[in-house]
Amino acid sequence: MNYYLGGYYLIRLRPMDFGPLVGKTVHTCSSCINNSLLESWAYSWTSDNNLQIDTIKKDYSVNDNTVSKIRQWVDRKFEDKRIGWNSVFADLETAKEYRQIFFSHLTDVKIMAVYFSESETNDFVGEFKPEGENSGTIGLYENLSNRIIESESTKEELLGFDLIGVELDGSFHTFYCNSISEDLLNTFGLNANEYGLFNDRIDWKPVVVYMNDEVNGLEPVPWFVAKVKLVRE
């Protein structure tokens, strides 16, 4: 089965502060759970991008001059379609370059990639296809539209599979946002591995149907299965 690149993310794992896994970390690219080094503050043209900038500067040990340079750099890469909206890199080289230029002083940054199966890719592209020529597109849509086959590099290590609910702006939730781990275990026998993700041992179709049924109380957004890999260096 072919898998296609959704994009790369620069992630700092953050201990869970709710649910049964309080104090533990999970390897999801969802910014609901972990911190992304490329969020709305890094794009110069976003509204309220200075709303929490003092916290950003403190957490990432950067100053006003560096923030300005980050925004200029991100703007150029966004125009070149090497960065998408939001938080996602189109290729590994750009993610590495961003980290090396601006965050080489941080030692706990992980480069992670998400991939989607062929059927999930088709569903995603159909769901997020722009309605008109002037409509904006999200980075995940742009990357998946390019149908870039999953990297076979031995430096990309499979961590497991995440269940993600994607918002219109390209950000996404994970199943952890809803504390349904117990439901997934009881209904489908899904048990998280050491990375807090699922191994590929079942037919994902009924799981996706379950996630997309609003009766089950999840966010009313499209839910997908995403393969998550860690770039080892």
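In this report, the structure presented in the accompanying data block is examined.

## Quick look at the pairing of strand β6 (residues 156-166)
Phase 1: Of all 11 residues in β6, nine are buried, a share of seventy percent or more.
Phase 2: Strand direction decides the pairing type here: β6 and strand β7 (residues 172-174), joined by three bridges, are antiparallel. Bridge pairing in β7 places G165 opposite H173.
Phase 3: Linking two consecutive strands that pair antiparallel, namely β6 and β7, is a turn of five residues; a positive phi of about 95 degrees is found at G170 within it.

## With respect to the packing of aromatic side chains
Phase 1: All told, the structure shown has 23 aromatic pairs when counted by the stated rule.
Phase 2: Residues W73 and F102 carry aromatic rings whose centres are separated by 5.9 Å and whose planes lie at 80 degrees to one another, so their mutual orientation is edge-to-face. Here the residue W73 occupies a position in helix α2 (residues 64-79), and F102 occupies one in helix α3 (residues 92-102), the gap between them amounting to 29 residues. Summarising the burial analysis for this pair, W73 and F102 share the class buried.
Phase 3: Measuring from centroid to centroid gives 4.9 Å for F124 and F224, while their planes differ by 40 degrees, and the two rings are tilted. Here F124, found in helix α4 (residues 118-128), pairs with F224, found in strand β8 (residues 223-231); they are 100 residues apart in sequence, far enough to count as distant. Comparing F124 with F224 shows no difference in burial state: the two are buried.
Phase 4: Among the aromatic residues, those joined into a cluster by ring pairs are W41, Y60, W73, F89, Y98, F102 and F103.
Phase 5: Of note, R147 hangs over the ring of Y4, and the distance from its end group to the ring centre comes to 5.9 Å.
Phase 6: Taking the ring centre of Y3 as reference, the NZ or CZ of K227 above it sits at 3.9 Å.

Scoring rules and cut-offs
- Residues numbered from 1 in each chain as written.
- Predicted model: local features only at pLDDT ≥ 70, side-chain atom pairs only at ≥ 80, totals over all residues.
- Heavy atoms only, no water.
- Buried < 20%, exposed > 50% of the residue type's maximum accessible area, 1.4 Å probe, protein only.
- Helix = DSSP H or I, 4+ residues; strand = E, 2+ residues; numbered from the N terminus.
- Pairing = 2+ DSSP bridges.
- Phe/Tyr/Trp six-rings, centres within 6.5 Å; stacked < 30°, edge-to-face > 60°.
- Lys NZ or Arg CZ within 6 Å of the ring centre and 35° of its normal.

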